[in-house]
Amino acid sequence: MPPNTYSKLRKRLFYRKECCLCVATIVFFVLYVYSRKSTGEPTYSEHQPDYDAYFPGSDKLGIGEVGAPRNRDRGSTTAMPEYIGKDEASLKFLIVADWGGQSEPPYVTDVERNLAYALGEFARRYEARFVMSLGDNFCDEGVTDVEDSRFQDTFEDVFTAPALRRPWYIIAGNDDYKGNVSAQIEYTKKSRRWFFEKEYYKLSFELPSYRNMTIDILMIDTVQLCGPIPQGKYQPIAPEDEEKAEKQWKWIEKKLKTSSASYLLVAGHYPVFSGGSHGSTLCLKRRLKPLLEAYHVSAYFSGHDHSAQHYRGPDTKGISYFITGATHPRDDKPQHLDGVIESSQFYWTASLDKTVGAFTYCDVRKDFLSVAFISTKQKALYFATVPPRSSKFKRKKT
């Protein structure tokens, strides 16, 4: 082969190789940009779901998510069945935690604004009776006094939907204890919807149309029980006031022991089980978990870790543990999932889009309590059911 012909052939092959590399680079870049557009929402459906109809589930994750539903044979599913929706015979309510904005102006975050809109729409559409707020109501330093502007900036001026002008039942989180919790309690006298008369208290409801079906909810102060989180640590060390803590432990056991409710729920800020950044709360595993099991509690709800989680399995003795803290722009990390993996049903956090969060929707019926994690885009993330307590476990009121 003549030298000039060989040289031309080499140049032609080199040119084609460069073209192929260029095309491959362009394709990779386009796919990368497309993936970054994901909002962190599960790809369960290509359209906005209608919650009055069957909503198909999927195990597929979206970009920026961690975790997925698992162990469906234990009763959990991401399907939103056709009975979810309006029903005068059921009691519906919403649960949030860790939603409390930020400590610097404008004292509100994008994810909180999106939460407020989604919460209002969901409350309106499904006629939720009340909202439960499980602490860290004012991140990251609480409030100073009852006149603190954050009551307006972080709460009143954000959750403005008419459907949210109904009772908000409040408890404190560890961020709230960095400020003045007594001021939050005092604010009950100034707000028509803020209900926080004591550090811990009991709520009782009757199921519409079924007067013999009742729901008891113990709103407990886990920071008082276990203590605040020390700087640089992930676990509370000890309660700051042992006498107050012991008084509350006795109150909890008495209320659990005497409850005759069809559904007995307990709600606090710290989780009992968690695979998130803070992990399971050792204090609550040691003292609260045995009480929940002894008195056959239906479910425990909490926040603290900024994710949506559900635990039910060998470690939980039939009790469901739900975490609903995915309303803060500082996303969670599944750092302790290995320790609870056998009972883990679901774990979700949005790590790429800091404007996306999630809340919990509860629908109490005669035959079951349904619990759904709903994203701030009003899409279903996960769905589970909790049965009523067996009559043999109910205690007669004394």
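Refer to the structure presented above.
Within each chain, residue numbers correspond to sequence positions counted from 1 in written order. Totals for whole chains, interfaces and linings use all residues, but because this is a predicted model, local features are given only for residues with pLDDT of at least 70 and pairs of side-chain atoms are given and counted only at 80 or more. Where side-chain values are given, they derive from all heavy atoms of the structure, hydrogens and water being excluded.

Turning to the overall build of the protein, a few remarks are in order. Helical segments are the DSSP runs of H or I of at least four residues, strand segments are the runs of E of at least two, and each set is numbered from the N terminus. When helices and strands are tallied, the protein shows seven helices and 14 strands. Here the protein holds 398 residues, and 55% of them are scored as buried. Counting every atom, the protein has about 18,500 Å² of accessible surface; 52% of that belongs to carbon and sulfur. Each residue gets one of three labels from its accessible area relative to the maximum for its type: buried under 20%, exposed over 50%, partly exposed in between, using a 1.4 Å probe on protein chains only. Throughout, the Shrake-Rupley method with a 1.4 Å probe supplies accessible areas, and for residues the shown protein chains are the sole cover considered.

With that settled, consider the side chain of histidine 328. For histidine 328, the location among the structural elements is in the loop between β10 (320–324) and β11 (344–348). In what follows, a contact means two residues having at least one pair of non-hydrogen atoms within 4.5 Å. If we ignore the near neighbours within four places in the chain, the residues touching histidine 328 are Asp98, Gly101, Val111, Cys139, Asp140 and His306.

We now examine the pairing of β10. Most of β10 is tucked away, with five of its five residues classed as buried. Covered by surrounding structure in β10 are Ser320, Phe322 and Thr324 together with Tyr321 and Ile323, the residues of both alternating faces. Two elements, strand β9 (residues 308–311) and β10, share four bridges in a ladder whose sense is antiparallel. By the bridge assignment, glutamine 309 is partnered in β10 with isoleucine 323. For two strands to pair, DSSP has to find at least two bridges joining them.

Nine residue types can take part in a nonpolar core, namely buried Ala, Val, Leu, Ile, Met, Phe, Trp, Tyr and Cys, and a core is a set of them joined through side-chain atoms within 4.5 Å. Within the largest apolar cluster, 75 residues are counted, with the highest numbers of intra-cluster contacts made by Phe159, Trp168, Met219 and Phe301. Element by element, the count of residues in this core is highest for helix α2 (residues 110–126), at seven residues. Ignoring sequence-local partners within four residues, the contact set of methionine 219 consists of Met132, Leu134, Tyr169, Ile170, Ile171, Glu199, Tyr200, Tyr201, Leu203 and Ala267. Counting residues in hydrophobic clusters, the runner-up holds 31 residues, among them Trp249, Ile252, Phe273 and Cys283.

This paragraph deals with the state of the cysteines. Note on terminology: pairs of cysteine sulfur atoms within 2.5 Å are recorded as disulfides. Per the counting criterion, the structure on display carries one disulfide. The disulfide partner of cysteine 226 is cysteine 283, and the gap between their sulfur atoms is 2.2 Å. Across the S-S bond of cysteine 226 and cysteine 283 the torsion is about -75°, and the bridge reads as left-handed. Of this pair, cysteine 226 sits in helix α5 (residues 222–226) while cysteine 283 sits in helix α7 (residues 282–294), and the two are 57 residues apart along the sequence. Residue cysteine 226 is classed as buried on the basis of its relative accessible area, which comes to 1%. On the accessibility criterion, cysteine 283 (11% relative accessible area) is buried.

We now examine the packing of aromatic side chains. Side-chain rings of Phe, Tyr and Trp (the six-membered ring for Trp) are treated as a pair once their centres are within 6.5 Å; stacked means planes under 30 degrees apart, edge-to-face means over 60, and tilted covers the remaining angles. Counted by the stated rule, this structure contains 31 aromatic pairs. Here tryptophan 99 and tryptophan 168 contribute two aromatic rings whose centre-to-centre distance is 6.1 Å and whose plane-to-plane angle is 70°, an arrangement assigned as edge-to-face. Here the residue tryptophan 99 occupies a position in the loop between β1 (91–96) and α2, and tryptophan 168 occupies one in strand β3 (residues 168–171), the gap between them amounting to 69 residues. Accessibility assignment for this pair places tryptophan 99 and tryptophan 168 in one class, buried. Members of the aromatic cluster, each reached through a chain of ring pairs, are Trp99, Phe138, Phe151, Phe155, Phe159, Trp168, Tyr187 and Trp194. The rule is short: NZ of Lys or CZ of Arg within 6 Å of the ring centre and within 35 degrees of the ring normal puts a charge over the ring. For arginine 193, the ring lying beneath its charged end belongs to phenylalanine 155, and the centroid distance is 4.5 Å.

With that settled, the discussion passes to the packing of helix α6 (residues 242–258) against α7. Axis geometry follows a simple rule: fit a line to the C-alpha atoms, using only the stretch in contact for helices, then measure angles between N-to-C directions, giving values from 0 to 180 degrees. One way to put it is that α6 packs onto α7 with a least axis distance of 10 Å and a crossing angle of 25°. In terms of orientation, α6 lies roughly parallel with respect to α7. Side by side, α6 and α7 meet where Glu246, Trp249, Ile252, Glu253 and Leu256 of the first sit next to Cys283, Leu284, Arg287, Leu288, Leu291 and Leu292 of the second. Each residue gets one label: Ala, Val, Leu, Ile, Met, Phe, Trp, Tyr, Cys and Pro are nonpolar, Asp, Glu, Lys and Arg are charged, and the others, such as Gly, are polar. Tallied by class, residues from the contact of α6 with α7 come to eight nonpolar, no polar and three charged. Our angle categories are set so that under 35 degrees counts as roughly parallel, over 145 as roughly antiparallel, 65 to 115 as roughly perpendicular, and the remainder as oblique.

Moving on, we come to the pairing of β11. Counting buried positions along β11 yields five of five residues, so the element is predominantly enclosed. Of the strand pairs in this sheet, β9 and β11 are connected by four bridges, and their pairing is antiparallel. Considered in β11, the bridge of alanine 308 is made with tryptophan 348.

We now examine the sheet that holds strand β8 (residues 299–302). Strand order in this open sheet of seven strands is β5-β6-β7-β8-β10-β9-β11, and the pairing throughout is mixed. Pairing within the sheet leaves two strands with one partner each, and these edge strands are β5 (201–207) and β11. Taking each pair of neighbouring strands and ignoring which way they run, the sheet shows an average axis angle of 15°. Sitting on the sheet, α6 touches β5, β6 (210–219) and β7 (263–267), and the angle it makes with β6 is about 165°. Along the sheet, α7 contacts β7, β8 and β10; its crossing angle with β8, the most-contacted strand, is approximately 140°.

Glancing now at the pattern of salt bridges. Salt bridge, as used here: a side-chain nitrogen of Lys or Arg that lies within 4 Å of a carboxyl oxygen of Asp or Glu. Summed over all chains, the structure comprises 13 salt bridges. For the salt bridge of lysine 317 with glutamate 293, the shortest nitrogen-to-oxygen distance reads 3.9 Å. Note that lysine 317 is positioned in the loop between β9 and β10 and glutamate 293 in helix α7, a separation of 24 residues in sequence. Looking at lysine 317, the relative accessible area reads 58%, which means it is exposed. The partner of arginine 365 in a salt bridge is aspartate 363, and the shortest N-O contact between them spans 3.1 Å. Residue class for arginine 365 comes out buried when judged on its relative accessible area of 10%. Classification of aspartate 363 as buried rests on a relative accessible area of 0%. Via salt bridges that share partners, Glu156, Arg165 and Arg193 belong to a single interconnected network.

Backbone torsion omega between proline 105 and proline 106 reads 10°, so that peptide bond is classified as cis. Mapping proline 106 onto the fold places it in the loop between β1 and α2. The peptide bond linking cysteine 139 to aspartate 140 adopts the cis configuration, its omega dihedral lying at 0°. Phi is positive for lysine 317, close to 55°, though the residue is something other than glycine. Look at glutamine 378: it is not a glycine, yet its phi comes out positive at around 60°.

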